[in-house]
Amino acid sequence: MGTEISEPLIIDKENIDDGGAGIESEQVPEWKDQITIRGLVVSALLGTLFCIITHKLNLTVGIIPSLNVGAGLLGFFFVKSWTGFLTKLGFHVTPFTKQENTVIQTCVVACYGLAFSGGFGSYMIAMDERTYQLIGADYPGNRAEDIKNPGLWWMTGFLFVVSFLGLFSLTPLRKVMILDYKLTYPSGTATAMLINSFHTHSGAELAGKQVKCLGKYLSISFVWSCFKWFFSGIGDSCGFDNFPSFGLLLFKNTFYFDFSPTYVGCGLICPHIVNCSVLLGAIISWGFLWPFISAHAGDWYPSGLESNNFKGLYGYKVFIAIALILGDGLYNLIKIIYITAKEMCNKSTQQSKLPIVNVVLDNESSKGLIEQRKRDDIFLKDRIPTWFAASGYVALAAISTAAIPIIFPPLKWYLVLVSYIIAPALAFCNSYGTGLTDWSLSSTYGKIGLFIIASLVGSDGGVMAGLAACGVMMSIVSTAADLMQDFKTGYLTLSSAKSMFVSQLLGTAMGCVIAPLTFWMFWTAFEVGSPDGPYKAPYAVIFREMAILGIEGFSELPKHCLALCAGFFVGALIVNLLRDVTPKKISQFIPIPMAMAVPFYIGAYFAIDMFVGTVILYIWERINEKDAEDYAGAVASGLICGDGIWTIPSAILSIMRINPPICMYFGPSLSS
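Cut-offs used in this document
Residues numbered from 1 in each chain as written. Predicted model: local features only at pLDDT ≥ 70, side-chain atom pairs only at ≥ 80, totals over all residues. Heavy atoms only, no water. UniProt positions renumbered as here; feature names shortened; annotations may be inferred. Helix = DSSP H or I, 4+ residues; strand = E, 2+ residues; numbered from the N terminus. Contact = heavy atoms within 4.5 Å. Areas by Shrake-Rupley, 256 points an atom, 1.4 Å probe, with all protein chains shown as cover. Axes fitted to C-alpha atoms, helices over the stretch in contact; angles between N-to-C directions. Parallel < 35°, antiparallel > 145°, perpendicular 65-115°, else oblique. Left-handed = near helix turned anticlockwise from the far one by under 90°. Core = buried A, V, L, I, M, F, W, Y, C linked by side-chain atoms within 4.5 Å. Buried < 20%, exposed > 50% of the residue type's maximum accessible area, 1.4 Å probe, protein only. pLDDT = per-residue confidence, 0-100. Salt bridge = Lys/Arg side-chain N within 4 Å of Asp/Glu carboxyl O. Expected span 1.5 Å × (residues − 1). Phe/Tyr/Trp six-rings, centres within 6.5 Å; stacked < 30°, edge-to-face > 60°. Lys NZ or Arg CZ within 6 Å of the ring centre and 35° of its normal. Disulfide = S-S within 2.5 Å. Polar contact = N/O pair within 3.5 Å; in protein donor to acceptor, adjacent residues only side chain to side chain. Bend = angle between axes of the 7 residues up to and from the residue. Patch = residues over 30% accessible without salt bridge, like charges linked within 9 Å, V, L, I, M, F, W, Y side chains within 5 Å.

Labelled according to an unreviewed UniProt entry, the protein chain appears under the name Metal-nicotianamine transporter YSL6, originating from Hibiscus sabdariffa. Under the UniProt heading Subcellular location (unreviewed entry), the entry covering the protein chain gives this text: "Membrane". Per UniProt, the comment on the protein chain under Sequence similarities (unreviewed entry) is "Belongs to the YSL (TC 2.A.67.2) family."

Visitor: How should the overall build of the protein chain be read in this particular structure?
Guide: Assigned secondary structure in the protein chain consists of 27 helices and 2 strands. Within the protein chain, residue pairs in contact and separated by at least 24 positions form 83% of the contacts whose partners lie at least 6 positions apart. Split by element, the accessible area of the protein chain, about 28,900 Å² in all, is 65% carbon and sulfur.

Visitor: Just checking my understanding: could you explain the packing of helix 7 (residues 152–162) against helix 17 (residues 386–407) for this structure?
Guide: Axis angle and axis distance: for two packed helices, these are the angle between their axes and the distance between the axes, and together they describe the pair. Two numbers describe how helix 7 lies on helix 17: the axes approach to 10 Å, and their chain directions differ by 155°. Taken together, helix 7 and helix 17 sit at an angle that is classed as roughly antiparallel. Seen from above, helix 7 lies across helix 17 with left-handed handedness. Facing helix 7, whose interface residues are W154, G157, F158, V161 and V162, helix 17 presents S400, A403, I404 and I407.

Visitor: Looking at this structure, I do not really get the nonpolar core. What am I missing?
Guide: Across soluble globular proteins, nonpolar side chains show a tendency to be buried alongside one another. By size, the foremost hydrophobic cluster in this structure holds 186 residues, and its most contacted members are F50, I404, F408, L411, Y420 and F487. With 18 residues, the top contributor of residues to this core is helix 20 (residues 462–492). Residues in contact with L411, not counting those within four places in the same chain, are I404, P405, V416, I453, A465, A468 and A469.

Visitor: In this structure, what is going on with the packing of helix 14 (residues 272–294) against helix 26 (residues 605–623)? I would like to understand it.
Guide: One can describe the packing of helix 14 onto helix 26 by two numbers: an axis separation of 9 Å at closest approach and a directional angle of 145°. In the crossing of helix 14 with helix 26, the sense of the turn from one axis to the other is left-handed. Side by side, helix 14 and helix 26 meet where H272, N275, C276, V278, L279 and A282 of the first sit next to F606, A607, I608, M610, F611, T614, L617, Y618 and E621 of the second.

Visitor: Is there a simple way to think about the confidence of the model for the protein chain in this case?
Guide: For residues with low pLDDT, the predicted coordinates do not support detailed interpretation. Per-residue pLDDT for the protein chain has a mean of 83; in total, 90% of the residues score no lower than 70. Within the protein chain, no element has a lower average pLDDT than strand 1 (residues 10–11), which sits at 32, and none a higher one than helix 7, at 95. With pLDDT under 50 throughout, residues 1–21 is counted as low confidence; its partners more than four residues away or in other chains account for 35 contacts. Segment residues 354–361 is flagged for pLDDT under 50; beyond a separation of four residues in sequence, or across chains, it makes 18 contacts in the model.

Visitor: How should the pattern of salt bridges be read in this particular structure?
Guide: It is possible for side chains bearing opposite charge to pair when their charged atoms get close. The tally for this structure, following the rule as stated, stands at 9 salt bridges. A salt bridge links R38 to E100; the nearest nitrogen and oxygen atoms lie 2.8 Å apart. Of this pair, R38 sits in helix 3 (residues 37–60) while E100 sits in helix 5 (residues 98–117), placing them 62 residues apart in sequence. The same class applies to R38 and to E100, which are both buried. For D241, the salt bridge identified is with K228, shortest N-O distance 3.0 Å. Linking D241 in the loop between helix 11 (201–229) and helix 12 (248–252) with K228 in helix 11, this pair joins segments that are 13 residues apart in sequence. Look at the salt bridges and you will find they share partners, linking R143, D146 and D460 into a network.

Visitor: Got a minute to help me understand helix 22 (residues 538–552) in this structure?
Guide: Compared with the 21 Å implied by 1.5 Å per residue over 15 residues, the 21 Å span of helix 22 between its first and last C-alpha is a close match. When you tally the buried positions in helix 22, you get 12 out of 15 residues, the bulk of the element. Within helix 22, the full set of buried residues consists of P538, Y539, A540, V541, I542, F543, R544, E545, M546, A547, I548 and L549. Looking one or two places after helix 22, you find G553, whose phi comes out positive at around 80°.

Visitor: Sorry, what's going on with the packing of aromatic side chains here?
Guide: One pass over the structure, following the stated rule, counts 43 aromatic pairs. Measuring from centroid to centroid gives 4.7 Å for F251 and Y256, while their planes differ by 45°, and the two rings are tilted. With centroids separated by 5.3 Å and ring planes inclined at 80°, the aromatic side chains of F522 and Y535 adopt a geometry described as edge-to-face. Note that F522 is positioned in helix 21 (residues 497–525) and Y535 in the loop between helix 21 and helix 22, a separation of 13 residues in sequence. A connected cluster of aromatic rings, assembled from ring pairs, spans W224, F227, F231, F240, F243, F257, F259 and F666. R130 extends its terminal NZ or CZ atom over the ring of W523, reaching a point 5.7 Å from the ring centre.

Visitor: Sorry if this is basic, but what is going on with the side chain of S163 here?
Guide: Tracing the chain through its elements places S163 in the loop between helix 7 and helix 8 (165–169). Since its relative accessible area comes to 0%, S163 is described here as buried. Apart from residues lying up to four places away in sequence, S163 is in contact with L114, T479, T508 and C512.

Visitor: Before we go on, may I ask you to explain the state of the cysteines in this structure?
Guide: Among covalent bonds in proteins, the disulfide is the one between the sulfur atoms of two cysteines. Considering all chains together, one arrives at 1 disulfide under this definition. We note that C512 lacks a disulfide partner, and the nearest cysteine sulfur, in C111, lies 9.0 Å from it.

Visitor: Sorry if this is basic, but what is going on with unusual backbone geometry here?
Guide: Leaving glycine out, the prevailing phi sign among residues is negative, and the prevailing peptide bond configuration is trans. A positive phi angle, close to 50°, is found at A537, a residue other than glycine. The topology assignment puts A537 in the loop between helix 21 and helix 22. A positive phi angle, near 70°, is found at H560, a position not held by glycine. Mapped onto the secondary structure, H560 falls in the loop between helix 22 and helix 23 (561–581). In this structure H560 comes out as partly exposed when scored by relative accessible area, which is 38%.

Visitor: Got a minute to help me understand the environment of K559 in this structure?
Guide: Tracing the backbone shows K559 in the loop between helix 22 and helix 23. Assessed through its relative accessible area of 39%, K559 is described here as partly exposed. Between the C-alpha atom of K559 and that of Y316, which follows or precedes it by 243 residues, the distance is 9.3 Å. Once residues lying within four places of it in the same chain are set aside, the contact partners of K559 are D299, W300 and Y316.

Visitor: Help me understand the environment of S43, please; the structure alone is not making it clear to me.
Guide: Within the secondary structure layout, S43 lies in helix 3. What makes S43 buried here is its relative accessible area of 1%. When the C-alpha positions of S43 and A71 are compared, they lie 8.9 Å apart, and in sequence the two are 28 residues distant. The residues touching S43, leaving out its near neighbours within four places in the chain, are I104, C107, V108 and M510. Looking at S43, its side chain comes within polar contact range of the main-chain oxygen of G39, at 2.7 Å.

Visitor: I would appreciate a short explanation of helix 27 (residues 625–655) in the present structure.
Guide: Taking 1.5 Å per residue as the helical rise, helix 27 with its 31 residues ought to reach 45 Å, and the 45 Å between its terminal C-alpha atoms agrees with that figure. Along its length, helix 27 reaches its greatest deviation from straightness, about 45°, at Y631. R657 lies just past helix 27 and shows a positive phi near 60°.

Visitor: Help me understand a nonpolar patch on the surface in this model?
Guide: A cluster of nonpolar residues, W413, Y414, L417, V418, I421 and I422, forms a patch on the protein surface that exposes about 610 Å² of accessible area. Tracing the backbone through its elements, the reader meets L417 in helix 18 (residues 413–437).

Here is the structure:
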């Protein structure tokens, strides 16, 4: 009773003129024609680049910004350049359509998404010997039997058996999620708007300028990274990466600007509140909390311990960071499940009470309705049969249930099977929540699986089983949300749902090969996981400690550590609650606990870099908001990509044992 009617159910057709004739007459290629060889080649190249960037971020700070703008822009640039070059040579080329652009975007995102959900910076590397030794051989629950060092073949095989299930789990619900519930999927919608704009005259002109801007800053970033290398010497104490920008005292507490184009680029992409939250976390931890706890060395914990001993300050750093991450993740999980249930109830109530009405439409409304009908028709035209999705999921689950215990013997087949039975429900919750809030909680679902399986298996293999189960859950939940996001993008760009599904399959297959190969480059060239190296892999220790925590409990924590963890856990819940209950003009200034947690363990240096990025963006927006809106993403992508590309020659030089010629080092001046 009194329900608001948001859409007409019966339309007075006499009031529809041909105002939508433009989109009605638009020729849409068949789904097979939307997937091209040139598109797949470009996808593989860009997938490789973005996998390298994702690994670099994963192994340093663990914060991965959205790279969709860069992927869409570079995909447009490469194919446009290629078709333009061939046309000038007199060859006939197939026109580059927005559908092909969407397929490239989908392929690239699916590929580099596996560099994150594959666990190369978290659960997978948490199994290795270096992480085991870092925690300590005598640490309770940390057994030598729970070690599995990275290997190219088993990592590739593991990704192949777990990464495709998420694609089949929710495919039958695409109509429900996109057309019936009309979920927003903000990132998917923004990507579609970007691609649509590329394929208009004015949009193509702007895209050309954005590409030039991206190329300019990519070149600057690459040259700067190369220049920095010459002064970085041997070890981890030389070069611009260790420049005491604010003096040696603050440098000792990791407060310095390290001239990293990647982190400055992240600061340009990430929202201001994220960057400010990271800086606030750095100030609280490295400015106050760690110096305070260090002052109690000898009382709260034995003095003279090594910097990575869990019985000392290192234990406080890791466990308080875990408390913040779990508090934030648990709150948002409960919140999104509540929102999902509430919205679904509201939808069903509205649908049961909607009356049949006649609506008189004006020209703009009729044009919008015709566009929507066209999108609906194309989206539903190439159906993916439910039996195909269901049988695909069952077959892949059977293969995976048999294969995973071979790779990870402590994770028994029946535990894998139970995971796959409940996974579609969790994938639905995550995909629905992502559609509403643009926040995928795949890592939170993974951590829940980690705790449950580790505690069920117990001390005899629980660490390995928990970490592997985390990978199984993360892969399904993450790829399902990514697929639904891509369905939304395809819907808005008039791309076939079948081409979206196939391009996701192809991109995932590429990722299963490219992600391990690009990680292997890092693994062989650098000391990944070393606390004194550039690639500390901070989340490796955190994930292994979570698994141990699920088995051993809290008995071995340093003095007052449990009380501090409880305080920060409750604090994360309260801060999130305040963000939701206060008015927007206040809540926009309340920090995000998850972002605050990262520098607690890693250090403050990258927070300074990201804050520099956010200050640049803030000033830019005040001087010329339109210019900042158009070009900030391109500048950020250029800075990140240039630094990422330099990783390849840097790794080659490291493998060949060619060291930088100069060590630029800073220390206190000697008194006479």
